[in-house]
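# Fold and contact review
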Amino acid sequence: MLLHIVARGRIGRGPEAELVERYLKRVTWPHRITELPDTGGKLPDLQPGTRRVMLDEKGENLPSRVLAERLQAWRDDGVRETRFLIGAADGFGDAERAEADLLIAFGRATWPHLMARAMLAEQLWRATSILANHPYHREG
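Everything numeric here is computed off the predicted structure, so don't read it as measured data.

Another aspect to go through is the overall build of the protein chain. Looking only at helices and strands, one finds four helices and five strands in the protein chain. What you see for the protein chain is a C-alpha radius of gyration of 14 Å, in line with the 14 Å of a compact globule of 140 residues. Referenced to the eigenvectors of the C-alpha coordinate spread, the extents of the protein chain come out at roughly 40 × 35 × 25 Å. Put simply, the protein chain has 140 residues, and 42% of those count as buried. The long-range share in the protein chain, meaning contacts at least 24 apart out of those at least 6 apart in sequence, stands at 86%.

Structure, rendered in structure tokens:
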């Protein structure tokens, strides 16, 4: 299953980009990042059966293991792509949220988009490592 991050804004070079790259190069599942301008731009075509996960302040605070289990279930059900959407500065509207299969938040704090992208990359590495029984993840 393809893990596809679609993010508003360009990450450029810098510590956040290095973090995203560091974690995504460890992910053994197919993955891709698509960057869009802050406004406008065309979203990549949505294939049938694609799951959409939006990073949103109104989303659930999922434990890493639960995210891993959700990805595993989708993969095992034949889902070919899970698309993770990171919005612009004003986030997503109600209509966009209604189209999502899952809304997730990284706590109640507001995070800069570049940090959210790095945190998502780490959570994808963590989720896939949990499913591979890799010792990276520790619960406690």
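Pairing is parallel across the open sheet formed by five strands, whose spatial order is E2-E1-E4-E3-E5. In the strand order of this sheet, the two ends are held by strand E2 (31-36) and strand E5 (102-104), each with one partner. Sheet twist, expressed as the mean angle between neighbouring strand axes with direction ignored, is 30°. Against the sheet, helix H4 (residues 113-131) touches strand E1 (2-8), E2, strand E3 (51-60) and strand E4 (81-86), its axis set at about 170° to E1.

What counts and how
Residues numbered from 1 in each chain as written. Predicted model: local features only at pLDDT ≥ 70, side-chain atom pairs only at ≥ 80, totals over all residues. Heavy atoms only, no water. Helix = DSSP H or I, 4+ residues; strand = E, 2+ residues; numbered from the N terminus. Rg over C-alpha atoms; globule rule 2.2 N^0.38 Å. Buried < 20%, exposed > 50% of the residue type's maximum accessible area, 1.4 Å probe, protein only. Contact = heavy atoms within 4.5 Å. Pairing = 2+ DSSP bridges. Axes fitted to C-alpha atoms, helices over the stretch in contact; angles between N-to-C directions.

Distances and angles like these do not, on their own, reveal function.
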